[in-house]
Amino acid sequence: MLKFDNVNGYWQQFLSEEVKQDYFAALQLYLDQEKANGAVLYPPLDEVFTAFSLTSFENVKCVILGQDPYFLEGLAHGLAFSVKDGVAPPRSLLNIYKELNTDLGFERPEGGNLSKWASNGVFLLNAVLTVAANKAGSHKKKGWEKLTLQAIREINEHKEHVVFLAWGRDAHKLCEHVDTSKHHVIKTSHPSPLGARKVGKDFDAFLGSNCFSAANSWLESKGVSPVNWALG
């Protein structure tokens with residue numbers, strides 16, 4: 001059973017309402033059946049809502065959107081692109097560190113835990129919050145997308161001056177209805193090795209985008225304190 005006992009404030013109220021919806025009941029049933037059939041799910045069920053527990057609604061100033069959790073053992077812990085302490089950074093995260101160095105001069109940290117970002121107002125949200133072991137994308141279109149889209153709508157409607165770092169087409173789609181009269185969307189390709197240098201008609205390549213400094217420049221232009229992107 002999914003729990004969010006460690007989520008407080010606005011997000012706790014939000015999740016309490018979402019779990020009452022029919023789609024969430026169907027999602028919970030699906031996850032229960034997966035476990036009954038012997039599937040191992042990531043992240044551990046008590047870490048599924050880590051993004052909501054570490055970044056309060058009131059503190060959200062930047063949203064980074066991922067796809068679904070890492071599907072190998074010991075990596076996922078409920079934050080998009082982040083891995084647990086002691087785990088070597090995956091390739092997408094290495095490219096994130098590469099851009100962070102090029103853009104802001106920060107040296108690559110040894111680990112891949114992005115909890116410091118989360119505590120500093122960066123909402124690290126995956127579109128899908130669970131995955132079966134060794135099966136990438138296995139929990140897509142099971143209901144998670146409805147919850148995460150609603151979370152984005154809550155931010156869009158009830159906050160001002162939030163910057164969205166939309167990395168990849170899935171993230172671009174999730175940001176389609178963000179009100180850019182009060183928020184800002186920075187679209188790039190995905191930081192994965194296959195996508196980090198791709199350029200599209202309406203987005204830049206992730207590598208070389210300077211998206212971190214661009215996000216801070218926009219926040220400061222709106223009177224919002226910049227994100228401390230340092231991880232060391």
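Here we summarise the structure given alongside this text.

Procedures and definitions
Residues numbered from 1 in each chain as written. Predicted model: local features only at pLDDT ≥ 70, side-chain atom pairs only at ≥ 80, totals over all residues. Heavy atoms only, no water. Helix = DSSP H or I, 4+ residues; strand = E, 2+ residues; numbered from the N terminus. Expected span 1.5 Å × (residues − 1). Buried < 20%, exposed > 50% of the residue type's maximum accessible area, 1.4 Å probe, protein only. Phe/Tyr/Trp six-rings, centres within 6.5 Å; stacked < 30°, edge-to-face > 60°. Contact = heavy atoms within 4.5 Å. Polar contact = N/O pair within 3.5 Å; in protein donor to acceptor, adjacent residues only side chain to side chain. Axes fitted to C-alpha atoms, helices over the stretch in contact; angles between N-to-C directions. Parallel < 35°, antiparallel > 145°, perpendicular 65-115°, else oblique. Nonpolar A, V, L, I, M, F, W, Y, C, P; charged D, E, K, R; others polar. Pairing = 2+ DSSP bridges. Disulfide = S-S within 2.5 Å. Salt bridge = Lys/Arg side-chain N within 4 Å of Asp/Glu carboxyl O.

Given a rise of 1.5 Å per residue, 15 residues ought to cover 21 Å, and the 21 Å separating the end C-alpha atoms of helix H6 (residues 144-158) matches this to within 8%. For H6, the full list of buried residues reads Trp144, Leu147, Thr148, Ala151, Ile152, Glu154, Ile155 and Asn156.

This paragraph deals with the packing of aromatic side chains. With the rule as written, the count across this model stands at 19 aromatic pairs. Geometrically, the ring pair formed by Trp11 and Phe52 is edge-to-face, given 5.0 Å between the ring centres and 85 degrees between the ring planes. Here Trp11, found in helix H1 (residues 9-18), pairs with Phe52, found in helix H3 (residues 50-54); they are 41 residues apart in sequence, far enough to count as distant. Here Trp11 and Phe52 have matching classes, each one buried.

This part is about the environment of Tyr97. Structurally, Tyr97 can be placed in helix H4 (residues 91-104). Assessed through its relative accessible area of 2%, Tyr97 is described here as buried. Along the chain, Tyr97 and Glu47 lie 50 residues apart, while their C-alpha atoms are 24 Å from each other. Residues contacting Tyr97, with those up to four places away along its chain left out, are Pro89, Arg108, Pro109, Gly111, Gly112, Asn113, Leu114 and Leu231. In terms of polar contacts, Tyr97 uses its side chain to reach the backbone carbonyl oxygen of Gly111, at 2.8 Å.

Turning next to the packing of helix H2 (residues 22-36) against H6. For the pair H2 and H6, the least separation of the axes is 9 Å and the interaxial angle reads 135 degrees. When the axes of H2 and H6 are compared, the pair comes out oblique. Note on element contacts: H6 touches H2 through Trp144, Lys146 and Leu147, opposite Tyr23, Phe24, Leu27 and Leu31. Taken together, the residues of the contact of H2 with H6 sort by class into six nonpolar, no polar and one charged.

We now examine the side chain of Gln28. Looking at the secondary structure, you find Gln28 in helix H2. What makes Gln28 buried here is its relative accessible area of 8%. A polar atom in the side chain of Gln28 sits 3.1 Å from the backbone nitrogen of Leu2.

For Asp202, the location among the structural elements is in the loop between strand S6 (184-188) and helix H8 (211-221). Asp202 sits in the partly exposed class, given a relative accessible area of 48%. Considered as a pair, Asp202 and Lys84 are 118 residues apart in the sequence and their alpha carbons are 34 Å apart. Separated by 2.7 Å, the side chains of Asp202 and Lys187 make a polar contact.

Taken in spatial order, the four strands of this open sheet run S3-S2-S5-S6, and their pairing is parallel. Looking at the sheet topology across the chains shown, the edges are occupied by strand S3 (122-126) and S6. Across the sheet, the axes of successive neighbouring strands diverge by a mean angle of 20 degrees, strand direction being ignored. Here five bridges tie strand S2 (residues 62-66) to S3, and the two strands are oriented parallel to one another. The partner of Val63 across the bridge, within S3, is Phe123.

This part covers the state of the cysteines. Across all of its chains, the model carries zero disulfides by this definition. Sulfur of Cys62: no disulfide; nearest cysteine sulfur belongs to Cys211 and is 8.7 Å away. The exposure class of Cys211 is buried, given its relative accessible area of 0%.

Glancing now at the pattern of salt bridges. As enumerated under the stated definition, the model contains three salt bridges in all. Glu47 is the partner of Lys84 in a salt bridge, and the nearest nitrogen-oxygen pair spans 3.6 Å. In this pair, Lys84 sits in the loop between S2 and H4 while Glu47 sits in the loop between strand S1 (41-42) and H3, placing the two residues 37 residues apart along the sequence. Residue Asp202 is joined to Lys187 by a salt bridge in which the shortest nitrogen-to-oxygen separation is 2.7 Å. Of the two residues, Asp202 sits in the loop between S6 and H8 while Lys187 sits in strand S6, which places them 15 residues apart along the sequence.

The values are spatial; any link to function lies outside them.
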